[in-house]
Amino acid sequence: KGNQIAAVGFSRFEAEIEPELQGLFIRCFSDVLQPQHGKPMKHRRRRELRHSVGNSEMAAEAKKPLMFLEDVQLPSEELQRSTFSLEEILSRNILWLVVMSVCKVDLTPAPGGMGQEKAHSIGSTPHALDILISAMERSSLLSSLLLRSSHLRDSAGQLLSVAVSRCPSLRELDLSDNHLGSKAVAKLLQAGRDNLQVLDLSRNKLGDDGAKALAEALGKGPSSGYSLAVLRLRSNGIGDEGGEALAEALMSITSLTEFDFSENQVSVQISAVMFRAVCAAKALQRLYLDGNLPWPTSENCEVQVTAFTDQLSGPLAVASLEVLSLRRCKMHSSGATKVFESLSSNQTLRKLNLACNGIRQSAANALAMMLASPSTAIEELDLRDNRLGSQDALAIAMQQVFLPGQTVTMESKLSASDSSEIEAKAAENNCLKTLNLGNNEMTGEALTRLAVAFSGLCALQELYLYHNPYIGDVGAQALADVLSRGATQLQHLNLAACSIADAGCQALMVAIGEYKAMKTLDLSCNAIGDDAAGSVSEVLAQKDCELEKLCLSMNCMSSYGISKLMEGVAENLDGSLREVDVASQESSHAKTSFNEEIGGRSGPKVKSKFVGLR
């Protein structure tokens, strides 16, 4: 009757549409990218489309009809992966439509479970790659494409490189875990020269040959032509030969802000060369060199370590570097000491990860001095899975630096002499917000010393001390004293697997009730029983307490103790508390069941805040 169609909704196509018809179909509809309206679709397949999709005013203003894929208006920024998984997209024959109408597309296969059939992927599904390439070449919206674990291999990678060169809107491409060959990665790098900003080629078994191919590709064309900001080459089996070739070529990418070369096989000497190369443009912000060959500990190799650490301070320092990760490098105490000494005068690094490095007590003094330095800017420090707490070395070093006007005796491990008295100097750190000392052989006595020194860490908000089984009730009491005095800014505390029993838990709860600013507390995997339930309940009942999450899983509470916690929650249903985890209690009488005596309308609301009820 001459009336304009305002919107068209559909769910699937029964067969693949010819490329020419695909283009005609897309051009029939509005191409304006609009924010999505309405509630997200539930995770189930609909039998029919909803009649109320879309915005009537928007439809009236549009020059062309609006297009809806179920409840999602196209074009769209992205699709919910829970509803539109790769398997769903392929079964509905809408791969071409998604690639041409969605900005951020995730085509990663769903993880397969035991006994399940192999998941569908772009590389293993007939004609899927051809459809993808055809749609990419005609898309003007596609900005991000994730193809992790898609079984592409070298030949498919080379075909995909052509589509990348013809899709100028593409900014991010994830091809990790695809066994791409050296020819494919070289062509992909060159194809995205003008438009790609993020390229992930991790876990592709490139080896030295692949690294050399990348280096050769980088050497072709103008030296300043690449727009690449993030390059990830994690877990590719690249050794010193490939790393050295790649390092020289990386100097041509002047826009690089993040470089991930973790889990390869380069020595600290080549790591230093790569560090110097990627920093040449003075734009690098994040550097990941985790899990490469062990750092040498011999004095004969000190020059190699110094070549790396010298780039963290002084005239060679990179002013833009904010994140440095050296996890699992087996640098041990000698290498860590060099890093700490260099970072004492670094005013730009914000995040440092030295977890799992076998760092022992001899590096404790250098660490304490770094934290006390007025030049340090580190906000997040990850030292988990080391041995810094051995012989209470870190605690003693922190105490002597951060506790003014006192004299402490340091063990021979910390100094050249058997024992020496060192006058402590007052110090403050106003930068450090997150400190992870999990699994570091910390003891209750060490925490007593550290707790006093924590007053010097003025900005500390997150503290992780999990899996230090010698902390016990003594250490918990020491932390409780700090909280009671209000000498800290702590908001998140993790004391899981620290051998804390009822007395330690009660002390912490009394302190948190007075402190009030704690937001999350993890006391899982300890020995906390019913005797502490009353103290916990009192905190949960406080209306002015800011605690949002409490984890008490894997302790020793019975149903009586759990019901006491519920009573506290029932008195403060509208407070900050969101979750109490009480799963896997080991008491012989434990039966984590809901206490019906609470009853009334509050019962279901109380139960909804608990995790692990049986």
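Let me begin by describing the structure that accompanies this report. (Residues numbered from 1 in each chain as written. Predicted model: local features only at pLDDT ≥ 70, side-chain atom pairs only at ≥ 80, totals over all residues. Heavy atoms only, no water.)

**Details of the side chain of Gln585**
Mapped onto the secondary structure, Gln585 falls in the loop between strand 22 (579-581) and helix 20 (602-608). Overall, the relative accessible area of 7% leaves Gln585 in the buried class. A distance of 2.9 Å separates a polar side-chain atom of Gln585 from the backbone nitrogen of Met557. (Helix = DSSP H or I, 4+ residues; strand = E, 2+ residues; numbered from the N terminus. Buried < 20%, exposed > 50% of the residue type's maximum accessible area, 1.4 Å probe, protein only. Polar contact = N/O pair within 3.5 Å; in protein donor to acceptor, adjacent residues only side chain to side chain.)

**Let's talk about the packing of aromatic side chains**
Inspection of the entire model under this criterion finds nine aromatic pairs. On the basis of an interplanar angle of 80° and a centroid distance of 6.0 Å, the ring pair of Phe25 and Trp96 is categorised as edge-to-face. One end of the pair, Phe25, is in helix 1 (residues 19-27); the other, Trp96, is in helix 4 (residues 95-101), and 71 residues separate them in sequence. A relative accessible area of 22% places Phe25 in the partly exposed class. Trp96 gets classed as buried once you look at its relative accessible area, which sits at 0%. (Phe/Tyr/Trp six-rings, centres within 6.5 Å; stacked < 30°, edge-to-face > 60°.)

**Regarding the sheet that holds strand 3 (residues 72-74)**
Judged by pairing direction, the sheet is mixed, and its three strands sit side by side in the order 1-2-3 without closing on themselves. One side of each edge strand has no neighbouring strand; the edge strands of this open sheet are strand 1 (7-10) and strand 3. Adjacent strand axes in the sheet meet at a mean angle of 30° when their direction is disregarded. The pairing of strand 2 (residues 66-69) with strand 3 spans three bridges and is antiparallel. Looking at the pairing, Phe68 lines up with Gln73 of strand 3. (Pairing = 2+ DSSP bridges. Axes fitted to C-alpha atoms, helices over the stretch in contact; angles between N-to-C directions.)

**Quick notes on helix 14 (residues 393-402)**
Taking burial as the measure, the 10 residues of helix 14 include 10 buried ones, the bulk of the element. Within helix 14, the full set of buried residues consists of Ala393, Leu394, Ala395, Ile396, Ala397, Met398, Gln399, Gln400, Val401 and Phe402.

**A few points about the pattern of salt bridges**
Under the counting rule described, the total for this entry stands at 23 salt bridges. Arg148 is the salt-bridge partner of Asp174, the closest N and O atoms lying 3.1 Å from each other. In this pair, Asp174 is assigned in strand 7 (residues 172-174) and Arg148 in the loop between strand 6 (144-146) and helix 6 (153-165), connecting sequence segments 26 residues apart. Take Asp174: its relative accessible area is 7%, and that puts it in the buried class. Using a relative accessible area of 27% as the deciding quantity, one classes Arg148 as partly exposed. Beyond isolated ion pairs, a larger network of salt bridges with shared partners links Arg81, Asp106, Arg148 and Asp174. (Salt bridge = Lys/Arg side-chain N within 4 Å of Asp/Glu carboxyl O.)

**Remarks on the nonpolar core**
Counting residues in hydrophobic clusters, the biggest one holds 177 residues, and the most contacted among them are Leu132 and Phe259. Once you skip the residues sitting within four places of it in the chain, Leu132 turns out to touch Leu95, Val99, Leu107, Ile122, Leu145, Leu147 and Leu160. (Core = buried A, V, L, I, M, F, W, Y, C linked by side-chain atoms within 4.5 Å. Contact = heavy atoms within 4.5 Å.)

**Here's the deal with unusual backbone geometry**
Cis geometry marks the peptide bond from Leu74 to Pro75, where omega comes out at 0°. Mapped onto the secondary structure, Pro75 falls in the loop between strand 3 and strand 4 (76-78). One non-glycine residue, His127, adopts positive backbone phi at about 70°. The residue His127 is located in the loop between strand 5 (102-106) and helix 5 (128-138) in this model.

**Some details on the side chain of Ser169**
By the element assignment, Ser169 lies in the loop between helix 6 and strand 7. Look at Ser169 and you get buried, because its relative accessible area is 17%. A distance of 2.6 Å separates the side chain of Ser169 from the backbone oxygen of Leu142, its partner in a polar contact. Excluding residues that lie within four positions of it along the chain, Ser169 makes contacts with Ser139, Ser140, Leu141, Leu142 and Ser143.

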